[in-house]
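Summary of structural features
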Amino acid sequence: MLAPGSRLGHYEVVGALGAGGMGEVYRARDSRLGRDVALKVLPAHVAANPQRLARFDREARMLASLSHPNIATLYGIEESPGTPALVIELVEGQTLAEKLRGDDGRPVRMPLAEALAIARQIAAALDAAHERGIVHRDLKPANIALRPDGAVKVLDFGLAKAFEFRQSAEGYDPTITAGLQPGAVLGTPAYMSPEQARGQPVDKRTDIWAFGCVLYEMLSGQRAFPGEHGSEVVARVIEREPDFAVLPDGTPASVRRLLCKCFEKDPRRRLRDIGDAGFDLDEQVDETARAAQATRRAWMTPALALAGVLLLAIAGVMWLGREKPPAAPVQFTIAPPPQHILVGPPVPSPRGERLAFVAMSPAGESALWLRPRDTTEARRIAGTEGALRPFWSPDGRFVGFHSNGIVKRVDPDRGPVQSVVRAAMPFAGASWNADGVLLFAPTNRAPLHRVAAAGGEPVPVTTLDAERGENSHRFPHFLPDGRHFLFTARAARRENTGIYVGSLDSGRVKWLLPALSPAVYVPPGYVLFVRDGALLAQRFDARTLALSGDARAIYSGIDHQPHGAEAAFAASADGTVLAWTREVARELQWYDRDGAPLGVIAANAGYEQLRLSPDGKRAAVVMPDGDTGNRDIWVVELESGALTRLTSHPANDWFPVWSPDGSELLFASERDERTGLYRTPSSGAASDDPQLVLAADRTTWREHFPTDWSADGQYAVFHAFPQGRNRGGGMYLLPLHGARTPRRLTEGSFTEWIGSFSPDGKWLAFVSDESGADEIYVRSLASSKRYRVSVGGGGHPRWRRDGRELFFISPDNRLMSSTVDLAGDFTHLPPRPLFTGCGSRPLAWDSNYDITADGSRSLWRCNSGSADTGTVAVDWQSALR
């Protein structure tokens, strides 16, 4: 026995929880993560046998990947010398075995509704495990924990598979574990399937038999196969049928049929999928609830009628002396801190009393901020650098967010920041349910995954349907039951892009409506989404998962951002507070060196990544496709404003770079297995069949993107993002002829990117965070010489064609100029500001401007309105009424 206060690694034993042949179990405190866990110390039989211990280690690692709200999570193994232990989620409450015994120790039966609710959660746990190929093989009431909040947790999931030794009896419910060789018997006799009792091979259908035994016992208060000795019980299991006459008279016929299907002695005739049992129970629970509600209405109707008359009389008197509530919702704007940009809408807490939002500083660093709804004072949350896409825990205590390739959580009042799970950029949303499950989109090119809010291994929940052309599941949002969720699926075929309903308990999904935006459910029963720039509300029954009526516009001009992973609106869980950001139109506009506007070229809501052609007559831009949300490359004729589409692939095509003669464009694309760098004629003549220049190594790099093409046409420079991160990596020099083997230019571990060749091809201007902030540097391509040009930050360097001037953008969006001399060694004068650019400050990867060859003019992508504030509406549903 381990004494309280003793330690296994970073776990401190608090006290004993139980002991048996399977090992000793202790309550322990995890000093690293500050949580209580259960430590199951393995028996000496396992610890002393290296082969058994190694097999058990492999088994436990597989089980640790099983994450489900109805399964007690196996966190891992604490490999202390001589005392190996399992680290398991600590579940507070009683076991089902304890609940099925009255205070006097006699068996008791459970009310039908309560038994079905528990059975439904057990079925969900088994279904999730079976989907992963894991069979419990020892399901029984003693292995089912009931939390005070009604949640069910199945314990010791599959752990019996790992033990290969004979165990002694465990009193009332002995577990037979006589090895795993053919003919071995493993399990608890009263809950064994016939094939299990015979020592034959078993599969998931043996769990279905045990599930029937547990459901039968909850309903009847008796075991399906009673007996004083294990051999007598086993004989009953093999030879006899349960006594269905002891079931309560009110047991529904559908439940009796389900039990019969579970108790088929031939596994080939038995219920094949526990998920089907879950659906049957769902329907029965709903039917039981409706019947109970009807009964309550029947006897309450007369009393309510009388009470209603009295209340109406009282209300009438009171109403005469009161003013009517406002007919319109209350709205106000929320601005980020000075010199910051608002990144996405404010996100209200579950009851709407606080707002979390992300703001980006002049240096390009984002962080999480918090402010009460009824004040204008916001505070930055420490440790949230790089934050994106915040979301709240259902109790409003924690805020989750994404930062630098990791989903994190923080208590904004107490801290600290805790890491939950890795997720690459661009991160596409998360939702948190009351059972402590995070549902998240790890990238914008993946299905949805789930993970415990305390951390663990992510498990896929949805599957991309290749036949439907799906390439992304994103923006998950839990419905009130915490089991079903809304999400947005994007597909190459427009008709399959839309909002769906999914379930944690199965891989089944249901089409809901066509839209590109996220979808959010708010009580008393609306689903919100954005279509054509309008925020819409449509009636939605969260129980039947069905829409009704027509969608009604609430607000217009919403920034639905079909190209990005940022949502454009958010709502509190109680539905009282709604927040959104407005769509901001963009236009291309010329400016002279003093900042005087020279005319607007064209207006469009989606211009990105502006690059001028070498002759200054055309511009390559990236625009999101309104049908699929993917980025494509277009060329704008700057005299006429005419647009030519260069790419139309359903993948993202972006980061265009002109060839020195303007005849071609080099760009990055995410084209399935051919992700990498491509080149295509700028005329659009071969836009459907671009040439692959460099295939991305997806095992190491998340993506490559080019930033310049040398004046002699021989080289390109590109940046490569490492997997799972939106910073880091480095610049590479790519020969465009011959072997095309990239040469790494970045020498340190810091981020270096946005490389730009000098006109003579001997120097490279680029951005580096070597000093701790993004600054402009120039380095020699023939040696290791490097020089810092900017002071106080900079991005997006551009050369004048004669090589005598270098331009860049300051963090506060000013166009900066530095006179340079490339003769001999590199020299430069201190940068000086020319003027402040139009529109919002640029993101690190998204160029807002470009310079003509002679440096006399600059072309800017300008916002025609403000993008730096969000709108918050309180009691907004009055607009619907």
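Residues numbered from 1 in each chain as written. Predicted model: local features only at pLDDT ≥ 70, side-chain atom pairs only at ≥ 80, totals over all residues. Heavy atoms only, no water.

Topic: the overall build of the protein
Note the following rule: Working definition: helices are DSSP H or I runs of at least four residues, strands are E runs of at least two. Numbering for both runs from the N terminus. Partly exposed residues are those whose accessible area sits between 20% and 50% of the maximum for their type, while under 20% is buried and over 50% is exposed, using a 1.4 Å probe and protein chains only. We call two residues in contact when some of their heavy atoms are within 4.5 Å. For accessible areas, the Shrake-Rupley method is used with a probe of radius 1.4 Å. Any residue's cover is judged against the shown protein chains and nothing else.
Counting its regular elements, the protein contains 9 helices and 60 strands. Relative to its 881 residues, the protein shows a buried fraction of 57%. Long-range contacts, defined as pairs at least 24 residues apart, comprise 48% of the intrachain contacts of the protein with a sequence gap of at least 6. In the form shown here, the protein has an accessible surface area of approximately 36900 Å², with 51% of it arising from carbon and sulfur atoms.

Quick look at the sheet that holds strand E30 (residues 526–531)
Quick note on the threshold: At least two DSSP bridges between two strands are required for those strands to pair. Each axis is a line fitted through C-alpha atoms, and for a helix only the stretch in contact is used; angles between axes span 0 to 180 degrees, taken between their N-to-C directions.
Pairing is antiparallel across the open sheet formed by 4 strands, whose spatial order is E29-E30-E31-E32. Taken across any chain shown, the strands that pair with only one partner, and hence form the sheet edges, are strand E29 (520–522) and strand E32 (546–556). Here the strands of the sheet are splayed against their neighbours by 30 degrees on average, with no regard to which way each runs. Here E30 runs beside strand E31 (residues 534–541); their pairing, made up of 6 bridges, is antiparallel. Across the sheet, Tyr 526 pairs through a bridge with Arg 539, a residue of E31.

Describing the packing of aromatic side chains
Our working definition: Only the six-membered ring of Trp is used, alongside the rings of Phe and Tyr, when aromatic pairs are assigned; centres must lie within 6.5 Å, and planes under 30 degrees apart are stacked while those over 60 apart are edge-to-face, with the rest tilted.
Considering all chains together, one arrives at 26 aromatic pairs under this definition. Note on Phe 478 and Phe 485: the rings are 6.4 Å apart at their centroids and 85 degrees apart in plane angle, and the pair reads as edge-to-face. We classify Phe 485 as buried; its relative accessible area is 0%. A centroid spacing of 6.1 Å and a plane angle of 70 degrees characterise the contact between Tyr 521 and Phe 540, whose relative ring orientation is edge-to-face. Note that Tyr 521 is positioned in strand E29 and Phe 540 in strand E31, a separation of 19 residues in sequence. Its relative accessible area of 4% is what places Phe 540 among the buried residues. Here the aromatic residues Trp 209, Tyr 216, Phe 225, Phe 244 and Phe 263 are joined through ring pairs into a cluster of three or more.

Description of the side chain of Arg 618
Stated precisely, the cut-off is as follows: Counted as positive: Lys and Arg. Counted as negative: Asp and Glu. His and the chain ends are not counted at all. Salt bridge, as used here: a side-chain nitrogen of Lys or Arg that lies within 4 Å of a carboxyl oxygen of Asp or Glu. Counting of polar contacts relies on pairs of N or O atoms within 3.5 Å, with two restrictions inside protein: one atom must be capable of donating a hydrogen and the other of accepting it, and residues adjacent in sequence are counted only when both atoms are side-chain atoms.
Mapped onto the fold, Arg 618 is located in strand E38 (residues 618–624). Notably, Arg 618 is buried but unbridged: the nearest opposite-charge side chain belongs to Glu 637, and the N-O separation is 4.8 Å. At 3.4 Å, the side chain of Arg 618 forms a polar contact with the side chain of Ser 682. The residues contacting Arg 618, other than those within four sequence positions of it, are Arg 611, Leu 612, Ser 613, Val 635, Val 636, Glu 637, Leu 638, Trp 658, Gly 662 and Ser 682.

Some remarks on the sheet that holds strand E28 (residues 506–513)
The 4 strands lie next to each other as E25-E26-E27-E28, forming an open sheet whose pairing is antiparallel. Sheet topology places strand E25 (470–478) and E28 at the edges, where each strand pairs with a single neighbour. When strand polarity is set aside, the average angle formed by the axes of neighbouring strands in this sheet is 35 degrees. Note: strand E27 (residues 498–503) against E28, 5 bridges, orientation antiparallel. Residue pairing in the sheet places Gly 502 in a bridge with Val 509 of E28.

Here's the deal with unusual backbone geometry
For the bond from Gly 415 to Pro 416, the omega torsion is -10 degrees, close enough to zero to count as cis. Looking along the chain, the bond that leaves Pro 523 and enters Pro 524 is cis, with omega of 10 degrees. Looking at where Pro 524 falls in the secondary structure, it is placed in the loop between E29 and E30. Even without being a glycine, Phe 475 presents a positive backbone phi close to 55 degrees. In this structure, His 796 takes a positive phi of about 55 degrees despite not being glycine. Assignment of secondary structure puts His 796 in strand E53 (residues 795–799). Judged by its relative accessible area of 5%, His 796 is buried.

Examining the pattern of salt bridges
Under the counting rule described, the total for this entry stands at 35 salt bridges. Its salt-bridge partner being Lys 99, residue Glu 114 comes within 3.2 Å of it at the nearest N-O pair. Remark: Lys 99 occurs in helix H3 (residues 96–99) and Glu 114 occurs in helix H4 (residues 112–131); sequence separation between them is 15 residues. Judged by its relative accessible area of 27%, Lys 99 falls in the partly exposed class.

A closer look at the side chain of Glu 195
With respect to the helices and strands, the residue Glu 195 is situated in helix H5 (residues 194–197). Under the relative-accessibility criterion, Glu 195 is labelled buried at 4%. Here Arg 270 takes part through its side chain, which lies 2.9 Å from a polar atom of the side chain of Glu 195. The residues touching Glu 195, leaving out its near neighbours within four places in the chain, are Gln 200, Pro 201, Val 202, Arg 205, Thr 206, Lys 265, Pro 267 and Arg 270.

Description of the nonpolar core
As a reminder, the rule being used: Buried residues of nine kinds, namely Ala, Val, Leu, Ile, Met, Phe, Trp, Tyr and Cys, make up a nonpolar core once their side-chain atoms join them within 4.5 Å.
Among the nonpolar cores identified, the biggest contains 60 residues, and Leu 96, Ile 122, Leu 139, Phe 157, Phe 211, Leu 215 and Met 218 are the most heavily contacted of them. Here this core takes 10 residues from helix H6 (residues 204–220), the largest share from any one element. When residues no more than four places from it in sequence are discounted, the contact partners of Leu 215 are Ala 115, Leu 116, Ala 119, Val 255, Leu 258 and Leu 259. If you look at the next biggest cluster of nonpolar residues, it comprises 40 residues, including Leu 736, Trp 763, Val 820 and Phe 826.

Here's the deal with the packing of H4 against H6
Put simply, the rule reads: Note on angle classes: values under 35 degrees are labelled roughly parallel, values over 145 roughly antiparallel, values of 65 to 115 roughly perpendicular, and the remainder oblique. Helix crossings fall into two classes, left-handed where the near helix is turned counterclockwise from the far one by less than a right angle and right-handed where it is turned clockwise. Residues are grouped as follows: Ala, Val, Leu, Ile, Met, Phe, Trp, Tyr, Cys and Pro are nonpolar; Asp, Glu, Lys and Arg are charged; every other residue, Gly included, is polar.
Orientation of H4 relative to H6, taken along the N-to-C sense of each, is 170 degrees, at an axis distance of 10 Å. Classified by the angle their axes make, H4 and H6 are roughly antiparallel. Handedness of the crossing formed by H4 with H6: right-handed. For the pair H4 and H6, the contacting residues are Leu 112, Ala 115, Leu 116, Ile 118, Ala 119, Ile 122, Ala 123, Leu 126 and His 130 in the first and Lys 204, Asp 207, Phe 211, Val 214, Leu 215, Met 218 and Leu 219 in the second. Class assignment of the residues belonging to the contact of H4 with H6 gives a composition of 13 nonpolar, 1 polar and 2 charged.

Side note on H4
This is how it is decided: Under the convention used throughout, the expected extent of a helix is 1.5 Å for every residue step, that is, one less than its residue count.
Its 20 residues place the ends of H4 28 Å apart at the C-alpha level, agreeing with the 28 Å of an ideal helix rising 1.5 Å per residue. In terms of residue burial, H4 counts as a mostly covered element, since 14 of its 20 residues are buried. Positive phi shows up at Gly 133, right after H4, with a value of about 80 degrees.

Considerations on the environment of Leu 53
For Leu 53, the position within the fold is in helix H2 (residues 50–64). Along the primary structure Leu 53 and Pro 84 are separated by 31 residues, whereas in three dimensions their C-alpha atoms are 8.8 Å apart.

Structural notes on the confidence of the model for the protein
Formally: pLDDT expresses how confident the predictor is about each individual residue, on a scale running from 0 to 100.
Predicted confidence across the protein gives a mean pLDDT of 82, with 81% of residues reaching 70 or more. Note that pLDDT drops below 50 for residues 162–185; the model gives that stretch 62 contacts with residues more than four away or on any other chain. For residues 294–301, every residue scores under 50 in pLDDT, and the model assigns this stretch 0 contacts once sequence neighbours within four places are set aside.

Examining the packing of H6 against helix H8 (residues 253–262)
Here H6 crosses H8 at 140 degrees, and the two axes come no closer than 8 Å. If you check the angle between H6 and H8, you find them oblique. Remark: the crossing between H6 and H8 carries left-handed chirality. Between H6, through Ile 208, Trp 209, Phe 211, Gly 212, Leu 215, Tyr 216 and Leu 219, and H8, the contact on the second element is made entirely by Val 255, Leu 258, Leu 259 and Cys 262. Classifying every residue of the contact of H6 with H8 gives 10 nonpolar, 1 polar and no charged.

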